[in-house]
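Report on the structure
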Amino acid sequence: MAYKYFPQTNDDISEMLNAIGLSGLEDLYGEVPEELKLNRDYDLPSAMSEVEVRNHFNSLGNKNKQLVCFAGAGIYDHYTPSVVKYITQRSEFLTSYTPYQAEISQGTLQYIFEYQTLMAGLTGMDVSNASMYDGATATAEAMMMAVASSKKRNKVLVSSALNPRVTEVVKTYAKYHGIDLEFIATSNGQTDKDDLRAKLEADDCAGVIVGQPNYYGIVEDFTGVADMCHEHKSLFIINSPAIALASLKTPGEWGADIAVGDAQSLGIPMSFGGAGLGYFTTRENLLRKMPGRVVGQTVDKKGQRVFVLTMQAREQHIRRQKATSNICSNQGIMTLAATVYMSLLGPQGLKQVNEMSYAGAHYLFDKLIETNKFKPAFDNVVFFNEFVVKTDLDIDKLQQRFIDNGILGGVRPRGIDNALMFAVTEQRTKEEMDKLVSLI
């Protein structure tokens, strides 16, 4: 066939129409009122040759201005090795469908199983699903899982230092699932443990959600927080950018019950805002309440290792009213990309990326403070690869100056006046950071 993705011939179409008693394709729309039909030709441009099409899309793409990125706030400019793109573009992986038929889906099921294994190790948790749409929806699903796992509790505590974009999605899910949200105060840019302790005393909370590093890039000390939550029968949920967990204390080590976040940092390009990849890991005792797909390893009748969807009823995917969650076919390609990326870099490679990002962020922070035009937004905090500084400069003019010189110079953090938040990854060079400082 000349058209790879349109395999039906005219005879095929006629045979199908005859089978359902119709004479033409227009009969499929016989019940649609005439006033709702488009009774004219589509307003489409004339046909173009392959060369013309490529040139046309190149001209559109060239309108995008590629900036040196010092912005973060949840999406980060990490390098994607070329082999990641090569493998994910292979034809056998170009589908988002849930692989129910295990006998013809072993390749897909295997890479999902490998992803789950890698994510469980990265987060220090027992089990992982594969996967969620992004870190925000994964966090919202964790909130609902906490409520579903509790006994008649529908309140969840959320740190005010959690990324506000994540919080907005959590609020939306909570509104339509009858969940009450209460926000934990911050102190010096971090979750206020005293306020958390006071709010837990009511013994009516199903779960507690915090960020690590938090929205402001601060690495928080959660010593004792898990015990505090468990004492009051609340689940402890930590949201983190995935790559940071290769160097920081894992959610499992903090005693978390659920670890969620965005895995975009694992070799997935920013792509002007998406797609991302939500990871979701938890303790084994909560496995039955976990949303999404789970792939297990078993053996066939010949004793060969094989992979299957497991631990969930089919209602999870096809009967919305019976499902633990209504997420189903989702980020298969993104899951594969993250799996290839982690396999390529390994534990040491991931740590090296983090070390370069950390060193670059602290170099830029020091240089900005040395200008005497910036000061730290918080006192004596530990930050990872992102930080907030305050200034008396006109921030709008400053950011426009950055853009005019090819730099995306941070983002304005919510909740803090006269401030900028900068993120640095392994892609940022000393020359780029020095140029940014020189423009101030």
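Anyway, here's the lowdown on the structure attached to this text.

Cut-offs applied
- Residues numbered from 1 in each chain as written.
- Predicted model: local features only at pLDDT ≥ 70, side-chain atom pairs only at ≥ 80, totals over all residues.
- Heavy atoms only, no water.
- Buried < 20%, exposed > 50% of the residue type's maximum accessible area, 1.4 Å probe, protein only.
- Helix = DSSP H or I, 4+ residues; strand = E, 2+ residues; numbered from the N terminus.
- Pairing = 2+ DSSP bridges.
- Right-handed = clockwise from strand over helix to strand, strands pointing away.
- Disulfide = S-S within 2.5 Å.
- Core = buried A, V, L, I, M, F, W, Y, C linked by side-chain atoms within 4.5 Å.
- Contact = heavy atoms within 4.5 Å.
- Arc of directions from axis to C-beta.
- Polar contact = N/O pair within 3.5 Å; in protein donor to acceptor, adjacent residues only side chain to side chain.
- Patch = residues over 30% accessible without salt bridge, like charges linked within 9 Å, V, L, I, M, F, W, Y side chains within 5 Å.
- Areas by Shrake-Rupley, 256 points an atom, 1.4 Å probe, with all protein chains shown as cover.
- Salt bridge = Lys/Arg side-chain N within 4 Å of Asp/Glu carboxyl O.
- Axes fitted to C-alpha atoms, helices over the stretch in contact; angles between N-to-C directions.
- Lys, Arg positive; Asp, Glu negative; His and termini not counted.
- Charge placed at Lys NZ, Arg CZ, Asp CG, Glu CD.

1. Details of the pairing of strand S3 (residues 155–159)
Strand residues, when the strand is regular, have side chains that alternate between the two faces of the sheet. When you tally the buried positions in S3, you get 5 out of 5 residues, the bulk of the element. Alternating positions in S3 separate into two faces, Lys 155, Leu 157 and Ser 159 on one and Val 156 and Val 158 on the other, with burial throughout. Bridging between S3 and strand S4 (residues 180–184) involves 5 bridges; their strand directions are parallel. Bridged to Val 156 within S4 is Leu 181. Each parallel crossover has a hand, and for S3 linked through helix H6 (residues 164–176) to S4 it is right-handed. As judged from the 4 bridges shared by S3 and strand S7 (residues 205–211), these two strands associate in the parallel manner. Across the sheet, residue Val 158 finds its bridge partner in S7, namely Ile 209.

2. Here's the deal with the state of the cysteines
Defined simply, a disulfide is a covalent bond joining two cysteines at their sulfur atoms. As enumerated under the stated definition, the model contains 0 disulfides in all. As a non-bridged cysteine, Cys 205 has Cys 229 as the owner of its nearest cysteine sulfur, 8.9 Å distant. The buried category is assigned to Cys 205, whose relative accessible area is 1%.

3. A short note on the pairing of strand S9 (residues 258–262)
When you tally the buried positions in S9, you get 5 out of 5 residues, the bulk of the element. Because side chains alternate across S9, one face comprises the buried residues Ile 258, Val 260 and Asp 262, and the other comprises Ala 259 and Gly 261, equally buried. Sheet analysis places strand S8 (residues 235–239) next to S9, joined by 3 bridges and oriented parallel. Counterpart to Ile 238 in the pairing with S9 is Ala 259. By the bridge criterion, 5 bridges tie S9 to strand S10 (residues 278–282) in an arrangement that is antiparallel. Within S10, the position partnered with Val 260 by the bridge is Phe 280.

4. Considering the nonpolar core
Grouped together as the largest cluster of nonpolar side chains are 33 residues, with contacts concentrated most on Tyr 115, Met 119, Leu 122, Leu 266, Tyr 279, Met 342 and Leu 350. Listed by contribution, the elements that provide at least two residues to this core are helix H4 (106–123) and helix H11 (332–370). The element contributing the most residues to this core is H11, with 9 residues. Aside from chain neighbours lying at most four places away, what touches Tyr 115 is Ser 128, Asn 129, Ala 130, Ser 131, Leu 277, Gly 278, Tyr 279, Thr 335, Ala 338, Thr 339 and Met 342.

5. Comments concerning helix H7 (residues 193–200)
Every buried residue of H7 is listed here: Asp 195, Leu 196, Lys 199 and Leu 200. Taken down its axis, H7 places every buried residue within 135° of arc, on the same side. Exposed residues on H7 whose side chains face more than 90 degrees from its buried face are Asp 194 and Ala 198. Next to the buried residues of H7 lie S3, S4, S7 and helix H8 (225–231). In this structure Asp 192 caps H7, since a side-chain oxygen of it lies 3.0 Å from the backbone nitrogen of Asp 194.

6. Regarding a nonpolar patch on the surface
A cluster of nonpolar side chains, namely Ile 20, Leu 25, Leu 28, Tyr 29, Val 32 and Leu 36, defines an oily patch on the protein surface of about 610 Å² accessible area. Here Ile 20 lies in the loop between helix H1 (10–19) and helix H2 (50–61). The exposed category is assigned to Ile 20, whose relative accessible area is 54%.

7. Let's talk about the sheet that holds S7
Two orientations exist for strands paired in a sheet by backbone hydrogen bonds: parallel and antiparallel. Pairing in this open sheet of 7 strands is mixed, and the strands run S2-S10-S9-S8-S7-S3-S4 from one edge to the other. Of all the strands in the sheet, just strand S2 (127–128) and S4 have a single pairing partner and so form its edges. One ladder, built from 2 bridges, connects S2 with S10; its direction is antiparallel. By the bridge assignment for S10, Ser 128 is matched with Thr 281. Running over the sheet, H6 touches S3, S4 and S8 and is turned about 155° from S4.

8. Considering the pattern of salt bridges
On inspection of all chains with the given rule, the structure shows 12 salt bridges. Here Lys 37 and Glu 34 are joined by a salt bridge, their closest N and O atoms 3.1 Å apart. Residue classification places Lys 37 among the partly exposed positions, given a relative accessible area of 27%. Between Lys 430 and Asp 434 there is a salt bridge; the shortest N-O distance is 3.0 Å. Linking Lys 430 with Asp 434, this pair stays in helix H13 (residues 430–438), spanning 4 residues, or about one helical turn. Take Lys 430: its relative accessible area is 47%, and that puts it in the partly exposed class. A single salt-bridge network, built from bridges that share partners, covers Asp 77, Arg 428 and Glu 432.

9. So, the sheet that holds strand S16 (residues 419–423)
Within the open sheet, the 3 strands sit side by side as S13-S14-S16. Their pairing is antiparallel. Single-partner strands in this sheet number two, and they are strand S13 (374–376) and S16. Along the sheet, successive strands turn relative to each other by an average axial angle of 40°, direction set aside. Where strand S14 (residues 386–391) and S16 come together, 5 bridges link them in antiparallel fashion. Its bridge partner being in S16, Val 389 is matched across the sheet by Leu 420.

10. Regarding a negative patch on the surface
On the surface, a cluster of negative charge is made up of Glu 201, Asp 203, Asp 227 and Glu 231. Note on placement: Glu 201 falls in the loop between H7 and S7. Glu 201 sits in the partly exposed class, given a relative accessible area of 49%.

11. Remarks on the environment of Asp 194
Turning to its location among the elements, Asp 194 is positioned in helix H7. The sequence separation of Asp 194 and Ile 184 amounts to 10 residues, and the corresponding C-alpha distance is 9.4 Å. A polar contact of 3.1 Å, which involves the side chain of Asp 194, links it to the side chain of Arg 197.

Distances and angles like these do not, on their own, reveal function.
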